[in-house]
Amino acid sequence: MRRLTRRTFLISLGASASLGHSRHLFRSREGLAFAGWEQPREPILQVAPLSPPFRLPESWYRQTVKRLQEKLAERGLDGIILKDRWNIIYVSGLFHTTTERPFWLFVPTRGEPVFFHPGLDKDLVNTWWIKEGEWYFDYPHAGPFNTLAYKAGPKADLLQWMLKGLAKRGFGRARLGIEEEVGPTTMKRMQEALPEARFEVAGDLLLRMRMIKTPEEIELTRKAIALHDRMLAFARDYILQRGTDATDFEVRHRTEEFATHELMKLMQPTGRPHDAVGVNLRFSCRAGVATAYPHPNQFFYARIRRGDAVQIAAVITIGGYGGEGYRALHIEPMTDLQRKMWDVHTEMVLKQQELSKAGVRCQEVAEKVLEIAVRAGLERYIYHRPAHGQGMEGHQAPYIAPGDETVLEEGMMFSNEPGLYNPEGGFGYNHSNCVLVTRERGVALNQTPLTREWCWLKL
């Protein structure tokens, strides 16, 4: 196997188009001589530079707390209780792991936020900018709080403990926002803890804030997508060089390794809390029949063969922000139906970008995108909506779907994946990008080409 170096990858960015038509090789720094170089058939891929910082600054989170407090005041609330991991990270910037152990953030309309958290996270909390908080030893908890509790005893109600912590801070008679409706049993426990408080669902305040990205969020997303582009180019080049000797499993892991080294050279993590946070470098490659299913449930380990559809897909985040970068490749030869499905799917992807402008309803975009496949006689290969909203958790409202009446606004972000699938034929195609809604149209942050020259490969 020929070793892929950073130099081979950088050269592939500038000559990726011609790689699809020849075993396009070069003279490397190591002195290995190769022949067959051709001029690129399309413009050189301009990939945005990777440079620090790789997370949002503390000042951004402080300002986000203020924005939320203004919205709470407008709603007439005295504060909001947050339990959803992604809402807590969005507001506070404290990246943490959630399990069965409850973790809360209370944001008052006036004043400083308060954490209520398990003891194993106390060093994360104590070294972050929000200084007020209380903790319990572990779940299920028994005994005293804010200290080691190792003696057996009756199980504590941690929800009531947290609410009584709010009462101590003067919120015993407050109007308190909660993220979503709770059942009657949970509400009874809440009212027992704070009998004079009122609880109102206000999770929509956070959802709307998270749906409309700020310039700082958009810039950090661009950095993550720039790494997506590097990963896709690397994976494509790897397939072309290894050919039918490679498996999709191999492509996946070599690409993840490459991207990790590229990012860590710049990030230089220290291993300390709050450094190198929100980083998830996931890459997927599936070849052949597995591409025919939108959500396959099998492990991917197939040798890449001529005539196969191959999907390469990056889903990564940096500092909690990122999105999708997929490309539907095909190893020639291709049948007439395969060519038609790939062309129509690509047309749908580009149409979604064109239509995704402020003022248009999500359902209008979905209808016009899906109509392309219907008019082409390919409706049997449609399995899902064209796109989902893009957030830190991946799928986020709103959705480019026939049933979503939400009006698009500048700053929203979406995936870009109106896939077409043929289980009977054993192939499917699903590109995706991270699309930013602007006043004039949707803008794909990804720079990887969507052309036949880039995606149809000859081995």
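Just above, that's the structure.
Residues numbered from 1 in each chain as written. Predicted model: local features only at pLDDT ≥ 70, side-chain atom pairs only at ≥ 80, totals over all residues. Heavy atoms only, no water.

Caption draft 1: Spotlight on the overall build of the protein. On a plain count of helices and strands, the protein comes out with 12 helices and 17 strands. Within the protein, buried positions represent 54% of all 459 residues. The long-range fraction of contacts in the protein, counting pairs at least 24 apart against all pairs at least 6 apart in sequence, stands at 68%. Taken as a whole, the protein presents about 20700 Å² of accessible surface, with 50% of it coming from carbon and sulfur. (Helix = DSSP H or I, 4+ residues; strand = E, 2+ residues; numbered from the N terminus. Buried < 20%, exposed > 50% of the residue type's maximum accessible area, 1.4 Å probe, protein only. Contact = heavy atoms within 4.5 Å. Areas by Shrake-Rupley, 256 points an atom, 1.4 Å probe, with all protein chains shown as cover.)

Caption draft 2: Region of interest: the packing of helix 8 (residues 215-242) against helix 9 (residues 248-267). Put simply, helix 8 and helix 9 touch, their axes get as near as 9 Å, and they point 135° apart. Taken together, helix 8 and helix 9 sit at an angle that is classed as oblique. For the crossing formed where helix 8 meets helix 9, the hand is right-handed. On helix 9, the residues touching Leu-227, Arg-230, Met-231, Phe-234, Ala-235, Tyr-238, Ile-239 and Arg-242 of helix 8 are Glu-250, Val-251, Arg-254, Thr-255, Phe-258, Ala-259 and Leu-263. Class assignment of the residues belonging to the contact of helix 8 with helix 9 gives a composition of 10 nonpolar, 1 polar and 4 charged. (Axes fitted to C-alpha atoms, helices over the stretch in contact; angles between N-to-C directions. Parallel < 35°, antiparallel > 145°, perpendicular 65-115°, else oblique. Left-handed = near helix turned anticlockwise from the far one by under 90°. Nonpolar A, V, L, I, M, F, W, Y, C, P; charged D, E, K, R; others polar.)

Caption draft 3: Here's a closer look at the nonpolar core. In terms of nonpolar packing, the biggest core is built from 63 residues, with Leu-227, Ile-239 and Ile-312 touching the most fellow members. Here the element with the most residues in this core is helix 8; it accounts for 10 residues. Here Leu-227 is in contact with Leu-50, Ala-259, Leu-263, Leu-281, Ile-316 and Ile-318, once residues within four sequence places are set aside. With 31 residues, the next largest nonpolar core counts Ile-88, Phe-95, Leu-205 and Tyr-321 among its residues. (Core = buried A, V, L, I, M, F, W, Y, C linked by side-chain atoms within 4.5 Å.)

Caption draft 4: Molecular detail of the sheet that holds strand 2 (residues 104-108). Read across the sheet, 6 strands follow the order 4-3-2-1-5-6 without closing on themselves; strand pairing throughout is mixed. Because the sheet does not close on itself, it has two edges, and the strands there are strand 4 (133-136) and strand 6 (198-201). In this sheet, neighbouring strand axes are inclined to one another by 20° on average, regardless of whether the strands run parallel or antiparallel. Across 3 bridges, strand 2 lies against strand 3 (residues 114-118) in antiparallel orientation. Among the inter-strand pairings, Leu-105 is bridged to a residue of strand 3, identified as Phe-115. (Pairing = 2+ DSSP bridges.)

Caption draft 5: Region of the structure containing the pattern of salt bridges. Scanning the entire structure with this criterion turns up 23 salt bridges. Between Lys-351 and Glu-354 there is a salt bridge, with its nearest N and O atoms 3.3 Å apart. Here Glu-354 and Lys-351 lie together in helix 10 (residues 336-355), a separation of 3 residues that amounts to about one turn. With relative accessibility at 26%, the residue Lys-351 sits in the partly exposed group. (Salt bridge = Lys/Arg side-chain N within 4 Å of Asp/Glu carboxyl O.)

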